[in-house]
Amino acid sequence: LAALKFDASFFTEKLAPDSAITGDDAWNNSAYEAGTIGMTLNSSSIMAALRKDKPDLAQNTIVLPFPAGPKGQYSSGGGTAFFMFKNAKNTANAKKLIQYLLDKSYYPTMIEKLNGLAVPAVNGYENTDFWQKPENIGWYNATKNIVPLGDPGPPDARASTVISDGYLSKGVQSIVLNHVDPQKELDQIEQQYKQVYK
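Residues numbered from 1 in each chain as written. Predicted model: local features only at pLDDT ≥ 70, side-chain atom pairs only at ≥ 80, totals over all residues. Heavy atoms only, no water.

Chemist: How should I be thinking about the environment of Trp 139 in this particular structure?
Modeler: Inspection of the secondary structure puts Trp 139 in helix H8 (residues 134–142). Judged by relative accessible area, Trp 139 falls into the buried class, the value being 8%. Sequence separation between Trp 139 and Ser 75 is 64 residues; the distance between their C-alpha atoms is 11 Å. (Helix = DSSP H or I, 4+ residues; strand = E, 2+ residues; numbered from the N terminus. Buried < 20%, exposed > 50% of the residue type's maximum accessible area, 1.4 Å probe, protein only.)

Below is the structure:
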């Protein structure tokens, strides 16, 4: 309840532009590029666009991990895994592909080319010049405190569903735009979560 009220306060106290309350996943990118906001989340796609379209703004943008709260510093995230089925028809070549992707002659370069959309998960690759640059080290540092979607529950399809269906975001919209009582909205969100988790 406190979190919902806090989130809604960014809009009711005019700390975020009015259009942010209904913005989609691309809204923050265009708003940051246009200079109508000065801080946002999901920085990797923004930085990729800035490096291409507004290199001066990219040079003056820093990436930082989420600030810490009373219980620590956390952000949600996930990883990419390379795997193969043991009974697949072409496991020999699958093994070669995975070995190639993780080989030290290729893996660090691949990760760096992703420009923040991924960070190294193999120890020893974080100390390169690329990851020590101020505009990149924030992404790497943020991964030290990642919890999976659904935490403390399992990171499964149910967790993905409640995030992708935007129950929390829609709840904040309802509080701000329709002046719904936060407790009533929280009860609605709880029912939506329970439907998914059944």
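Chemist: Which parts of the structure should I look at to understand helix H2 (residues 27–34)?
Modeler: Those residues of H2 that sit buried are Asn 28, Asn 29, Ala 31, Tyr 32 and Glu 33. The elements touched by buried residues of H2 are helix H3 (43–53) and helix H4 (55–59). Taken from the residues just after H2, Gly 35 is the one with a positive phi, measuring 85°. (Contact = heavy atoms within 4.5 Å.)

Chemist: I would appreciate a short explanation of the nonpolar core in the present structure.
Modeler: Generally speaking, a soluble globular protein has its nonpolar side chains buried in company with each other. Grouped together as the largest cluster of nonpolar side chains are 18 residues, with contacts concentrated most on Trp 131 and Trp 139. Breaking this core down by element, the ones donating at least two residues are H2, H3, helix H6 (107–113), helix H7 (129–132) and H8. Once residues within four sequence positions are removed from consideration, Trp 131 is found in contact with Ile 111, Glu 112, Ala 118, Val 119, Pro 120, Tyr 125, Glu 126, Asn 136, Ile 137, Trp 139 and Tyr 140. In this structure, Phe 11, Ala 16, Val 176 and Ile 189 belong to the second largest nonpolar core, which totals 10 residues. (Core = buried A, V, L, I, M, F, W, Y, C linked by side-chain atoms within 4.5 Å.)

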